[in-house]
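# Coordinates in review
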Amino acid sequence: MIPRTVYEPEHEMFRESVRKFLETEAAPYHEQWEEDGQVDRALWNKAGEQGFLAPTVPEEYGGVGVDFRYNAIVDEECARSGLTGIGWGLHSDIAVPYIVRYGTEEQKQKYLPKCVSGEIVTAIAMTEPAAGSDLQGIKTTAIKDGDDYIINGSKTFITNGQHADLVVVVAKTDPSAGAKGTSLFLVEAGTPGFEKGKNLHKIGLKAQDTSELFFQDVRVPKEALLGEEGMGFVYLMQD
Ligand SMILES: Cc1cc2nc3c(=O)[nH]c(=O)nc-3n(C[C@H](O)[C@H](O)[C@H](O)COP(=O)(O)OP(=O)(O)OC[C@H]3O[C@@H](n4cnc5c(N)ncnc54)[C@H](O)[C@@H]3O)c2cc1C
């Protein structure tokens with residue numbers, strides 16, 4: 001086997017602590033979680049306490065501010081142990097980095113410390129019943145109404161869908177402008193009109209809460225816009 005040179009000794013120490021944590025806090029319960037269709041929500045908080053969630057988040061927003069290799073180690077250790085239900089990769093490697101990169105100072109202060117601690121579980125809602133690979137074809141809209149936007153549409157196959165406290169929602173702010181009319185919004189669970197649908201039965205990843213999400217006249221303030229209006233598709237292609 002060719003030895004890997006990508007990791008430094010401090011990364012390997014971190015790996016050891018992730019591995020021990022998973023052995024005691026996740027492996028013994030994973031079979032049950034597969035039956036439940038989701039992992040225990042408390043696992044997220046425990047992982048947050050250990051600094052395993054979104055470790056690249058800068059220190060001023062409550063993170064550890066380390067390099068992406070730490071994320072890769074967490075992903076590798078979950079995979080190595082066959083713990084397929086844990087949705088930390090989607091949270092730490094995909095959704096949270098959108099807030100770090102495109103969030104306003106206010107959004108970062110409000111959400112990032114809780115994303116690191118595990119108080120907030122994130123998801124990203126792109127896919128719809130009739131739009132998967134062809135993301136330009138999404139039908140969800142976010143139409144301006146005074147200082148607010150009104151979101152309508154359905155999403156499906158959303159990782160962390162049941163546990164999600166905060167969802168990056170992809171919606172058309174200008175349905176006539178194709179990809180150029182696409183924007184991203186930060187929508188909090190509990191916002192009136194935002195409902196979590198079925199936790200989907202899958203042939204694998206049975207402990208992962210891959211779900212439907214529904215948005216019916218969901219009113220969000222303009223402060224929920226992530227990045228610039230109309231730039232959503234560009235952001236999705238860049239990250
Ligand atoms: C476990 C799981 C977790 C997921 N998590 C998320 C999530 O967190 N957020 C989210 O937004 N989505 C999520 N998805 C959805 C995922 O992003 C979509 O499944 C994916 O984009 C493909 O879309 P689709 O399933 O509609 O397949 P389709 O787009 O209908 O594609 C079906 C097949 O046709 C092929 N195909 C499509 N277009 C073409 C073409 N032009 N030329 C040739 N072949 C083509 C595809 O390669 C594929 O084999 C998840 C899916 C799964 C299974």
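Source: prediction; values computed, not measured. Residue indices begin from 1 for each chain and proceed along its sequence in written order. Where totals are concerned, whole chains, interfaces and linings use all residues; where local detail is concerned, this predicted model gives features only for residues with pLDDT of at least 70, and gives and counts side-chain atom pairs only at 80 or more. Excluded from the side-chain calculations are hydrogens and water; all other atoms, namely the structure's heavy atoms, are used.

### Comments concerning the side chain of K202
Using the following cut-off: Strands are runs of DSSP state E lasting at least two residues, helices are runs of H or I lasting at least four, and both sets are numbered from the N terminus onward. Burial here depends on accessible area, computed with a 1.4 Å probe over protein chains only, as a share of the maximum for the residue type. Under 20% is buried, over 50% is exposed, and the range in between is partly exposed. In this charge count, Lys and Arg are treated as positive and Asp and Glu as negative; neither His nor the chain ends contribute. Salt bridge, as used here: a side-chain nitrogen of Lys or Arg that lies within 4 Å of a carboxyl oxygen of Asp or Glu. Pairing of N or O atoms within 3.5 Å defines a polar contact, subject to two protein rules: one partner must be a possible hydrogen donor and the other a possible acceptor, and residues neighboring in sequence count only if both atoms are side-chain atoms.
On the secondary structure map, K202 appears in the loop between β6 (194-199) and β7 (211-221). Buried and unpaired, K202 has D209 as its nearest opposite-charge partner, separated by 7.4 Å. Side-chain polar atoms of K202 contact the backbone oxygen of Q208, separated by 2.8 Å.

### Looking at the site of the ligand
Note the threshold: We call a residue near a molecule or strand as soon as one heavy atom of that residue lies within 4 Å of the molecule or strand. All accessible-area figures derive from a Shrake-Rupley calculation using a 1.4 Å probe, and residue coverage is judged against the displayed protein chains alone. Residue type decides the class: Asp, Glu, Lys and Arg count as charged, Ala, Val, Leu, Ile, Met, Phe, Trp, Tyr, Cys and Pro as nonpolar, and the leftover types, Gly among them, as polar.
Contacts to the ligand come from I124, A125, M126, T127, G132, S133, F157, I158, T159, L205 and T210. At 2.7 Å from a nitrogen atom of the ligand is found a side-chain nitrogen or oxygen belonging to T127. Within the backbone of F157, one N or O atom sits 2.8 Å away from a nitrogen atom of the ligand. Protein chains shield 41% of the accessible area of the ligand, which is 970 Å² for the free molecule. Taken together, the elements giving at least two residues each to the shell around the ligand come down to β1 (122-125) and β3 (148-158). Split into classes, the residues belonging to the shell around the ligand amount to 6 nonpolar, 5 polar and no charged.

### A look at the state of the cysteines
Just so we agree on the cut-off: Note that a disulfide, as used here, is simply two cysteine sulfur atoms within 2.5 Å.
The tally for this structure, following the rule as stated, stands at 0 disulfides. As a non-bridged cysteine, C78 has C115 as the owner of its nearest cysteine sulfur, 17 Å distant.

### Structural notes on the pattern of salt bridges
Counted by the stated rule, this structure contains 16 salt bridges. Residues R4 and E76 are paired through a salt bridge, measuring 3.0 Å at the closest nitrogen-oxygen approach. Placement of R4 in the segment before α1 (9-25) and of E76 in helix α4 (residues 69-80) is noted, with a sequence separation of 72 residues between them. On the basis of relative accessible area, R4 is assigned to the exposed category, the value being 53%. In this structure, R15 engages E77 in a salt bridge whose closest nitrogen and oxygen atoms are separated by 2.9 Å. You can see R15 sitting in helix α1 and its partner E77 sitting in helix α4, a full 62 residues away along the chain. The burial state of R15 is the same as that of E77; both residues are buried.

### Observations regarding the pairing of strand β5 (residues 182-188)
Here is the rule we go by: Only when DSSP finds a minimum of two bridges between them are two strands counted as paired.
With 6 of its 7 residues buried, β5 lies for the most part within the structure. Taken together, the 7 bridges between strand β4 (residues 166-172) and β5 define a ladder with antiparallel strand orientation. Residue pairing across strands places L166 opposite E188, the latter belonging to β5. Relative to strand β8 (residues 225-226), β5 is paired through 2 bridges, and the arrangement is antiparallel.

### A few points about the environment of F214
Put simply, the rule reads: Residue contacts are counted whenever heavy atoms from the two residues lie within 4.5 Å of one another.
Mapped onto the fold, F214 is located in strand β7. Owing to a relative accessible area of 34%, F214 belongs among the partly exposed residues under this scheme. Separated by 15 residues in the primary sequence, F214 and N199 have C-alpha atoms spaced 12 Å apart. If sequence neighbours within four positions are ignored, F214 has contacts with G153, S154, G193, F194, E195 and G197.

### Remarks on the layout of surface pockets
Stated precisely, the cut-off is as follows: Here a cavity is any set of points on a 1 Å grid over the protein atoms alone where a 1.4 Å probe fits but cannot get out, and a pocket is any open set with protein on both sides within 12 Å along at least 5 of 7 lines; a residue lines the site when it has an atom within 4 Å of a point. Grid points are joined across faces, edges and corners, and a volume is the space filled by probe spheres set on the points.
In this structure, the largest pocket encloses a volume near 280 Å³. In terms of lining residues, the largest pocket is bounded by 16 residues, among which K110, Y111, P221, E223 and A224 are the most central. Contributing elements (two or more residues each) for the lining of the largest pocket: α6 (105-117), β5 and β7. Examining the composition of the lining of the largest pocket, we find that 4 residues originate from one element, α6, more than from any other.

### Concerning the side chain of E128
Tracing the backbone through its elements, the reader meets E128 in the loop between β1 and β2 (141-145). Not counting residues up to four positions away in its chain, the partners in contact with E128 are I138, K139, T140, S154, K155 and T156.

### Notes on the nonpolar core
Selection criterion: What makes a nonpolar core is a set of buried Ala, Val, Leu, Ile, Met, Phe, Trp, Tyr and Cys residues whose side-chain atoms join them at distances within 4.5 Å. The source of the domain bounds is an automatic or database domain assignment.
If you look at the biggest cluster of nonpolar residues, it comprises 28 residues, and the most contacted ones within it are V57, Y98, L184, L186, L226 and L236. Contributing elements (two or more residues each) for this core: α5 (88-102), α6, β4, β5 and α7 (232-238). When we break this core down by domain, the ones giving at least three residues each are domain 1 (9-120) and domain 2 (123-238). Those residues within four positions of L184 in sequence are excluded, and the remaining contacts are Y98, V168, V169, V170, A224, L225, L226, G232, Y235 and L236.

### Points about the domain arrangement of the chain
To keep it simple, the criterion reads: As a working definition, buried area equals the accessible area (1.4 Å probe) given up by two parts on being put together, with both sides summed.
According to the domain assignment, the chain consists of domain 1 (9-120) and domain 2 (123-238). On a C-alpha basis, the centroid separation for the pair domain 1 and domain 2 is 22 Å. Each side of the interface is counted separately: domain 1 has 28 residues, and domain 2 has 26 residues. Together domain 1 and domain 2 conceal approximately 2200 Å² of surface at their shared face, both sides included; 59% is due to carbon and sulfur atoms. Our count for the contact surface shared by domain 1 and domain 2 stands at 2 salt bridges. Linking D165 and R41 is a salt bridge whose minimum nitrogen-to-oxygen distance equals 3.1 Å. Looking at the side of domain 1 that touches domain 2, the elements with two or more residues in it are α2 (30-36), α5 and α6.

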